[in-house]
Amino acid sequence: MPLTVSNFLLFAIVIGLLYTSFLLWQTYIKSPLSSIPNAGFLAPVSRLLWAFPFEHRGRITIDLPLLHEKHGPLIRIGPNELSFYSMDVYRTVNSIQTPFTKDPRVYGQFVQDEHPGLFSITDPYAHSQRRRLMGQLFNRSKMGLMGNMMTEKVSTFIMTLHQYDSQPVSLVQACRALEVDIVSAFGFGKEIGAICAWTDGEEIDMVKANDEKSKYIAFLSNIPTIAEAFSRIDCLVFSLTGYETKSSSALKKFDLWSDSQLQRLLYNSKSSVPQAHPNFISTMIRSNLSPYSALAEAKEMLGPGTDTTSATLAHILWALAHDHDFQTALAADLAAAAWPTDMTALEGVPRLRAAVKEGIRWAGAAAAMLPRVVPPDGVVLAGTFVPGGTVISSSPIWYLHNKDAFPDPKMYRPARWLDNDDLTASALRDRFYIPFSTGSAACIGAHFAYLELYLSVSLILKSFYLGLPRTGLHPPSTEASLPERLEWVAAVPIVPLEVCFRAKELGNLFQNNHSGSGIR
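Residues numbered from 1 in each chain as written. Predicted model: local features only at pLDDT ≥ 70, side-chain atom pairs only at ≥ 80, totals over all residues. Heavy atoms only, no water.

(A) Region of interest: the overall build of the protein. On a plain count of helices and strands, the protein comes out with 22 helices and twelve strands. Taken over C-alpha atoms, the radius of gyration comes to 25 Å for the protein, in line with the 24 Å a tight globule of 520 residues would show. Of all 520 residues assigned to the protein, the portion counted as buried reaches 50%. On the protein, roughly 23800 Å² of surface is accessible, and the fraction owed to carbon and sulfur atoms is 59%. (Helix = DSSP H or I, 4+ residues; strand = E, 2+ residues; numbered from the N terminus. Rg over C-alpha atoms; globule rule 2.2 N^0.38 Å. Buried < 20%, exposed > 50% of the residue type's maximum accessible area, 1.4 Å probe, protein only. Areas by Shrake-Rupley, 256 points an atom, 1.4 Å probe, with all protein chains shown as cover.)

Following this line, the structure appears as structure tokens:
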């Protein structure tokens, strides 16, 4: 048969169909994961066809739990990737000395200046060594060293709130500024000036750029070649024209600022300049961590490491503004305890402990899935054999919003931490409370975050009544419902969280005849 164009096209189509049939057979039938339900029809073909679009839109951790309710504890979200929703599996995967390692495809995107930090280190031994080194600052016994610094920053924040004179305050931006100054003061020995910028109605570009970058982690980890190409084009355009994007400019300014702080700390270490409080970089350098590794850790804390605590504080204050009765009782308890600033004394106020724990659970700010690689020999998970090399992931917030452990999980209900009469329910609640994850990779900053939240809530309630805009003279006491949001590395509310702060020395909140958009 002569080779014509039509014959060639027919031959190409047949070969294409045969190859496609082979790939489909290999993907849907032969694969050892083929017996596991698929998140979507195209999920087993490529993570670009299901997982990536959901990640990029901030929906994957919102929609996957619904699919797990329908299909069970294991769902296939990529050719070699599973999502799991099972507390037993979670604690197996995230245990002490776990054989499941971090997936470098994702964690590599958090590396600062080619110096992996505690969060981004994937080698288990290197991770354990770094964690042991950093424990000298983050262990609970060391929190007493941080109290004065945190109190100073919260006090500065409160002075700024007084300027709003009962007008609505956008909590996400406000709390972000407070958190950034606390963490930069701790990490670099000097605050970055976020509260001052917020006072002037501005947002520090370098912080905003870091926050925006976290939304594009899915793009960077799924299509690294294209992401690298964009970066090279950006550099080329800048070299030829001097033009650069606002994000690139902000990140460069952040690098310059952070490097200048490192040089200042290195100089001060030689001149024995006294420190008002311990700072991370100096402590790590004295412990023989290389200066630029210490700098990378501090940058990692200030970038992706601050959005979660600030979002949690914003949610707690917003929830307290809904519930006047609980807010009043909490303030009375704190006053009876003489407004403590010590970690142990703060934890000793049951309502404060309940308000913060419920806020951490309810906000579920650390939304990211935590991908791990199954060890070479494979493992049985939820009754199913999963071969070695498979990537498996789950999000801690799914367990914080579990309906069995936390009835009405989307409601802010501190009382669930005050009622311990039902021992079975309390044990289930405590088992599912994993906001900082578990095992050897659990967040090292948990005690730091608790102290920030305890101090912030206490000092703010000492100074202000919290109310919602336009609630009238007699605002009801209601449970706050979790606001609508999207979820990337951290959860981001897509509705404004606004609260009015009325100074207590100005009189009772409900005797106020203030007009306008504030508390009336």
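(B) Expanded view of the packing of aromatic side chains. Enumeration according to the criterion identifies 23 aromatic pairs in this entry. For the pair F138 and F280, a centre-to-centre distance of 6.4 Å together with 55° between the ring planes defines the contact as tilted. Pair noted here: F138 is in helix α6 (residues 124-138) and F280 is in helix α14 (residues 280-286), with a separation of 142 residues, a long-range link. This pair shows no difference in class: F138 is buried, exactly as F280 is. Aromatic rings pair up to connect F84, Y85, Y90, W398, Y399 and F432 into one cluster. (Phe/Tyr/Trp six-rings, centres within 6.5 Å; stacked < 30°, edge-to-face > 60°.)

(C) View of the sheet that holds strand β4 (residues 168-170). The strand order across the open sheet formed by three strands is β4-β12-β9, and the pairing between neighbours is antiparallel. Edge positions in the sheet fall to β4 and β9 (464-467), since each has one partner strand and no second. Here the average twist between neighbouring strands, direction ignored, is 40°. When β4 meets strand β12 (residues 498-503), the two strands line up antiparallel, connected through three bridges. Directly across from S170, in β12, lies its bridge partner E498. With respect to the sheet, helix α16 (residues 307-322) is in contact with β9 and β12, its orientation differing from that of β12 by roughly 70°. (Pairing = 2+ DSSP bridges. Axes fitted to C-alpha atoms, helices over the stretch in contact; angles between N-to-C directions. Contact = heavy atoms within 4.5 Å.)

(D) Looking closely at the packing of helix α19 (residues 350-363) against helix α22 (residues 446-463). In the contact formed by α19 and α22, the axes pass within 10 Å of each other and the chain directions differ by 120°. Relative to α22, α19 is oriented oblique. In terms of crossing hand, the pair formed by α19 and α22 is right-handed. Facing α19, whose interface residues are L352, R353, V356, K357 and I360, α22 presents Y450, L453, Y454 and V457. (Parallel < 35°, antiparallel > 145°, perpendicular 65-115°, else oblique. Left-handed = near helix turned anticlockwise from the far one by under 90°.)

(E) Representation of the pairing of strand β1 (residues 74-78) within the structure. In terms of burial, β1 is largely enclosed, as five of its five residues are buried. Sheet topology note: the β1/strand β2 (residues 81-84) ladder contains four bridges and is antiparallel. The residue of β2 that forms the bridge with R76 is L82.

(F) A look at the pattern of salt bridges. Under the counting rule described, the total for this entry stands at 20 salt bridges. D255 is the partner of K299 in a salt bridge, and the nearest nitrogen-oxygen pair spans 2.7 Å. With K299 in helix α15 (residues 291-302) and D255 in helix α13 (residues 246-271), this pair connects stretches of sequence that are 44 residues apart. We classify K299 as buried; its relative accessible area is 1%. Across the salt bridge formed by E358 and R361, the nearest N and O atoms sit 2.9 Å from each other. With a gap of three residues between them, E358 and R361 both fall in helix α19, about one helical turn apart. By relative accessible area, which is 0% here, E358 ends up buried. Residue class for R361 comes out buried when judged on its relative accessible area of 0%. Salt bridges sharing partners connect three or more residues here, namely R47, E55 and E81. (Salt bridge = Lys/Arg side-chain N within 4 Å of Asp/Glu carboxyl O.)

(G) Main features of unusual backbone geometry. Although it is not a glycine, S166 sits at a positive phi angle of roughly 75°. Here S166 lies in the loop between α7 (147-162) and β4. The backbone phi angle of A382 is positive, close to 50°, even though this residue is not glycine. Within the secondary structure, A382 sits in the loop between β6 (379-381) and β7 (384-386).

(H) The environment of A405, seen in detail. Tracing the backbone shows A405 in the loop between α20 (396-400) and α21 (423-432). Spatially, the C-alpha atom of A405 lies 7.0 Å from that of A425, the residues being 20 residues apart in sequence. In this structure, A405 is in contact with L428, R429 and F432, ignoring residues within four places of it in sequence.

(I) Structural view of the state of the cysteines. All told, the structure shown has zero disulfides when counted by the stated rule. Here C196 is not disulfide-linked; the sulfur of C175 is the nearest cysteine sulfur, at 17 Å. Among the residues examined, C196 registers a relative accessible area of 52% and is labelled exposed. Of all cysteine sulfurs, the one in C175 lies closest to C443, which takes part in no disulfide; the gap is 18 Å. (Disulfide = S-S within 2.5 Å.)

(J) Structural view of a nonpolar patch on the surface. Taken together, F41, L42, V45, L48 and L49 make up a surface patch of nonpolar side chains, about 460 Å² in accessible area. When you line up the elements, L48 lands in the loop between α1 (5-30) and α2 (51-56). (Patch = residues over 30% accessible without salt bridge, like charges linked within 9 Å, V, L, I, M, F, W, Y side chains within 5 Å.)

(K) Spotlight on the nonpolar core. Membership of the largest hydrophobic core comes to 129 residues, with the highest contact counts inside it found for F280, L466 and F501. A total of twelve residues in this core trace back to one element, the largest contributor, which is α22. Residues V106, L220, A227 and V489 belong to the second largest nonpolar core, which totals six residues. (Core = buried A, V, L, I, M, F, W, Y, C linked by side-chain atoms within 4.5 Å.)

(L) Seen up close, α13. Over its 26 residues, α13 extends 37 Å from the first C-alpha to the last, a length consistent with the 38 Å expected when each residue adds 1.5 Å. Within α13 the residues assigned to the buried category are S248, A250, F254, W257, S258, Q261, L262, L265 and N268. (Expected span 1.5 Å × (residues − 1).)

(M) Seen up close, the environment of T199. Structurally, T199 is set in helix α9 (residues 194-199). Note: C-alpha distance between T199 and S477 (278 residues apart in sequence) is 30 Å. Aside from chain neighbours lying at most four places away, what touches T199 is T160 and Q163.

(N) Up close: the sheet that holds strand β8 (residues 391-393). Across the sheet, five strands lie side by side as β1-β2-β8-β5-β3; this open sheet has mixed pairing. Strands at the two margins of the open sheet, each flanked by one partner only, are β1 and β3 (101-102). The strands touched by helix α3 (residues 60-71) within the sheet are β1 and β2, with β1 carrying the most contacts at an inclination of about 130°.

It is worth stressing that arrangement in space is one thing and function is another; only the former is reported here.
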